[in-house]
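Here is what each chain is made of, one letter per residue.
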Amino acid sequence: MTTTPIANSRIICRVIVLLLLLLAVPPLAFAQTRELVIGIEPEHNIFTQMEEYGQLVKYITEKSGIPIRLTIMSRYGEVLQRFKAMHLDGAFLNSYTATLAIDELGMAPIASPVSLAGESVTRGIIFTRRDSNIRRIAEMRGKSIAFVDPATTEGYLFPLALLKKNGITDIKTFFSHHFFTGSHASAISAVLDGRADLGVAKELVYQRQVAKDPSIAAELVILEESPPTPETTLCLKQDLPADLKRKLIDIMLEMDQSREGMAVLKTLGLRGFTRADKADFNIVRQMAKEAGLPGRTSKRQ
Amino acid sequence: MTGIRRDFQKILLALLLGALLPASAWSKTVIGVMMPGNSAYFQEIHQAFLTTLTAKSSAGTTFEIIVQKPFPDPVALSNAARKLLAADPDLLVTYGTSATLAVLHEKSHAPVIYGGVYDQFTAQLAGPRATGCGFKIPLTSLLRHLRELKKVETLNVLYCSLEEDSVRQLNELSELAKEQQLTLNRINLKNREDLKKAPLAKGDAIFLTGSSVVAAMLDEILALAKNHQQPSVGIFPDRDEAGITIALYHDPLAQGRKIAEIAAQVLSGRAPGDIKPEALRNTELMFNLKEAKNIGVKIPFQLVAEASKVIK
């Protein structure tokens, strides 16, 4: 078989058109080659967190072909500034910063973890040393308390809302002193050490600490518990391509269906991931209202 | 005759002025203080006590402070208590359980305010004549922090059997050791000879109980700890940065202020038995990174972040 010069030029034209089409790539193709930068909040040991999340993003990268870089944020709430000031594409956020990110930055909640017990929610707890003789809210007066961070649901918003409900409007005068530990694990440690009479933390972190060292459960007593609030949620920038977000969701939701995915979930101590929705955060909006934190209710619902 | 009248007028005037002056201008408040072993921790409490009490007292009030610093053996403590009572004090201030018990053992009506007592409710010191404040350190936390530095299977516990507080801490550690599969190497230090003979090599780390005798030998103990490459933990602050690796302690200044508040109430007429003894709980955590490096252990960054004080 021979080819004419006309046929050759047609082939060349087709190749050029194909190349032009490839150059005018859809956003997905761009996103797949560009590195995504995902933030992590300092929930407990940051090195352990980096290791755990590192395995998760490695798995997602392998499945999607999208390179992902993790960056740890020095404190909770920093995400809001980082999204505005830096090239952050998404973050694993606690329910309070997730709510702020959704409502103020228009970010999209993507997926939340499901615990081995089958829950995708957590709770805030207020605890004290068992030998402290503090058992009721009234007995907390004049004591010291360790909060986690002003930008956490379980570590600040929940106790603030609870105290307000009980007629305590000024924590500065109610407690002898209060301070922020920066992480849930540190708030637990502060009470164990006796550096604070009371502490607040996320129940999941407390359970993790107890699993590591069962003597903690014998030393502490939980006084109050919040309603269920969403677990740490992966939120992504609204302007990321829709098919990229869908791809990430699909990979995360299907993790429990593959052997490699199950291995990663095992190291994370999770059963899987579930689809997150803006409405999941209504409880947090309600708490913010009760706590009297103005200007932080939904703008975009 | 005129001269006699003038003298009489002067005496009358002096008597009238005297009657108008407050009682405090006439009387001096005598406070007897018992501080066993000249402990730095007790000294800090005492300084804060004096400063606060002076600030709380009305102008013109004068205090005579008589301090006894006996070695904490029963005979020395008893002699010191008798010497203090011989001065007929208005108030007795004692530091630690042994000193408090020694004073309470003597027949006297002088009210007793105690401070620096470890786990005072177990010590059962409060009564019609005595009240005060004590502290409690979660020893489990100290052990937890220590184990983040090094695997500890045998713990050298340095205590003094003459001091009740130190023995109470040893007993508490013994209970914890049972729960945590930890072996204790109990080292009773009553003098420097005991330290020379101490089998420190048997242990993996050193626990310094709150004893004035142990505190008096701190430099020698820490030199031995360095030789054996063992981290040390204690429940008193290491103010002079002698080299304790981890200290979890109650602020002595807060205790001093508290006993001054109680003393002011007692001096104004309130019975000690009517004042509830207080347990102070808020602690401070100190890490000595320099010393940790010297003995070849690394304090995890996450743990350092918890500290109230870090020595670099």
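Relevant structure appears above.
Treat the numbers as computed from the prediction; the structure is a model and nothing was measured.

(A) Inspection of the overall build of chain B at higher detail. The secondary structure content of chain B amounts to 14 helices and 13 strands. The buried share of chain B, reckoned over its 312 residues, is 53%. Contacts in chain B between residues far apart in sequence, at least 24 positions, make up 70% of those at least 6 positions apart. Within the structure as shown, chain B displays about 14600 Å² of accessible surface, and the carbon and sulfur contribution to it stands at 54%.

(B) Structural view of helix H3 (residues 46-64) of chain A. All names here are of chain A. For H3, spanning 19 residues, the distance from its first C-alpha to its last is 26 Å, which sits close to the expected 27 Å at 1.5 Å a residue. Those residues of H3 not exposed but buried are Ile46, Gln49, Glu52, Tyr53, Leu56, Val57, Tyr59, Ile60 and Ser64. Axial view of H3: buried residues confined to an arc of 155°, hence all on one face. In H3, the exposed positions angled more than 90 degrees off the buried face are occupied by Glu51, Lys58 and Glu62. Following H3 by one or two positions, Gly65 has its phi on the positive side, about 80°.

(C) Region of the structure containing the side chain of Thr100 of chain B. Within the secondary structure, Thr100 of chain B sits in helix H5 (residues 97-105). If we skip the residues at most four places from it in the chain, Thr100 of chain B touches Thr94, Val112, Tyr114, Val117 and Leu125 of chain B.

(D) Region of the structure containing the nonpolar core. Ranked by internal contacts, the top residues of the largest apolar core, which has 54 residues, are Phe49, Tyr95, Leu155, Phe207 and Ile235 of chain B. Per-domain counts for this core show at least three residues from each of domain 1 (8-136 + 251-282) and domain 2 (139-250 + 284-311) of chain B. Apart from the residues within four sequence positions on either side, Tyr95 of chain B is in contact with Val33, Met34, Met35, Pro36, Phe42, Ile45, His46, Phe49, Gly115 and Ile259 of chain B. Membership of the second largest hydrophobic core comes to 40 residues, among which are Leu93, Ala101, Phe147 and Met287 of chain A.

(E) Molecular detail of empty space enclosed by the protein. Residues and elements named next belong to chain B. Tallying each qualifying case throughout the model produces 5 cavities of 30 Å³ or more. In this model, the largest cavity occupies a volume close to 110 Å³. Lining the largest cavity we find 19 residues, and of these Phe42, Gly96, Glu163, Asp165 and Gly210 sit closest to its centre. For the lining of the largest cavity, the elements supplying multiple residues, two or more each, are H5, strand S4 (112-118) and helix H8 (164-179). Taken together, the residues of the lining of the largest cavity break down into 8 nonpolar, 8 polar and 3 charged.

(F) View of helix H13 (residues 282-291) of chain A. Residue and element names in this part refer to chain A. Looking at H13, one finds that the buried residues are Val284, Arg285, Met287, Ala288 and Ala291. Angular distribution of buried residues about the axis of H13 spans 160°; they occupy a single face of the element. Against helix H5 (95-105), helix H6 (153-165) and strand S11 (229-230) lie the buried residues of H13. One or two residues past the end of H13 sits Gly292, with phi positive at roughly 75°.

(G) Local environment of the packing of H6 of chain A against H13 of chain A. All names here are of chain A. Orientation of H6 relative to H13, taken along the N-to-C sense of each, is 50°, at an axis distance of 8 Å. Between H6 and H13, the interaxial angle falls into the category oblique. When you trace H6 past H13, the crossing you get is left-handed. On H13, the residues touching Thr153, Leu157, Phe158, Leu160, Ala161, Lys164 and Lys165 of H6 are Val284, Met287, Ala288, Glu290 and Ala291. Here the contact of H6 with H13 is built from residues that sort into 8 nonpolar, 1 polar and 3 charged.

(H) Region of interest: the pattern of salt bridges. Per the counting criterion, the structure on display carries 28 salt bridges over all chains. Note that Arg239 of chain B is salt-bridged to Glu44 of chain B, the shortest N-O span being 2.8 Å. One end of the pair, Arg239 of chain B, is in the loop between strand S9 (232-234) and strand S10 (246-250); the other, Glu44 of chain B, is in helix H3 (residues 40-56), with 195 residues separating them in the sequence. For Arg239 of chain B, a relative accessible area of 35% translates into the label partly exposed. With a relative accessible area of 19%, Glu44 of chain B lands in the buried category. Across the pair Lys226 of chain B and Glu291 of chain B runs a salt bridge, and its minimum N-O distance is 3.9 Å. With Lys226 of chain B in helix H11 (residues 218-227) and Glu291 of chain B in helix H13 (residues 289-294), this pair connects stretches of sequence that are 65 residues apart. What makes Lys226 of chain B partly exposed here is its relative accessible area of 37%. Taking relative accessible area as the criterion, Glu291 of chain B reaches 9% and is therefore assigned buried. Each of the salt bridges in this network shares a partner with another, and the network as a whole consists of Arg129, Asp131, Asp213 and Glu219 of chain A together with Arg144 and Arg281 of chain B.

(I) Representation of the interface of chain B and chain A within the structure. On the side of chain A, 22 residues touch chain B, which itself brings 16 residues to the contact. Note on chain B versus chain A: buried area summed over both sides is about 1400 Å², and carbon and sulfur give 35% of it. Contact with chain A buries surface across chain B, with Arg144, Arg281 and Glu306 of chain B losing the most and accounting together for 38% of the total. For the interface between chain B and chain A, the tally reads 4 salt bridges. With 4 residues, helix H7 (residues 139-149) of chain B is the single largest residue contributor to the side of chain B that touches chain A. Residue composition of the side of chain B that touches chain A, by class: 4 nonpolar, 7 polar and 5 charged.

The rules behind these values
Residues numbered from 1 in each chain as written. Chains lettered and ligands numbered in written order. Predicted model: local features only at pLDDT ≥ 70, side-chain atom pairs only at ≥ 80, totals over all residues. Heavy atoms only, no water. Helix = DSSP H or I, 4+ residues; strand = E, 2+ residues; numbered from the N terminus. Buried < 20%, exposed > 50% of the residue type's maximum accessible area, 1.4 Å probe, protein only. Contact = heavy atoms within 4.5 Å. Areas by Shrake-Rupley, 256 points an atom, 1.4 Å probe, with all protein chains shown as cover. Expected span 1.5 Å × (residues − 1). Arc of directions from axis to C-beta. Core = buried A, V, L, I, M, F, W, Y, C linked by side-chain atoms within 4.5 Å. Domains from an automatic or database assignment. 1 Å grid on protein atoms, 1.4 Å probe; cavity = no way out; pocket = protein on both sides within 12 Å on 5 of 7 lines; lining within 4 Å. Points joined across faces, edges and corners; volume = space filled by probe spheres on them. Nonpolar A, V, L, I, M, F, W, Y, C, P; charged D, E, K, R; others polar. Axes fitted to C-alpha atoms, helices over the stretch in contact; angles between N-to-C directions. Parallel < 35°, antiparallel > 145°, perpendicular 65-115°, else oblique. Left-handed = near helix turned anticlockwise from the far one by under 90°. Salt bridge = Lys/Arg side-chain N within 4 Å of Asp/Glu carboxyl O. Buried area = accessible area lost by both parts, 1.4 Å probe.

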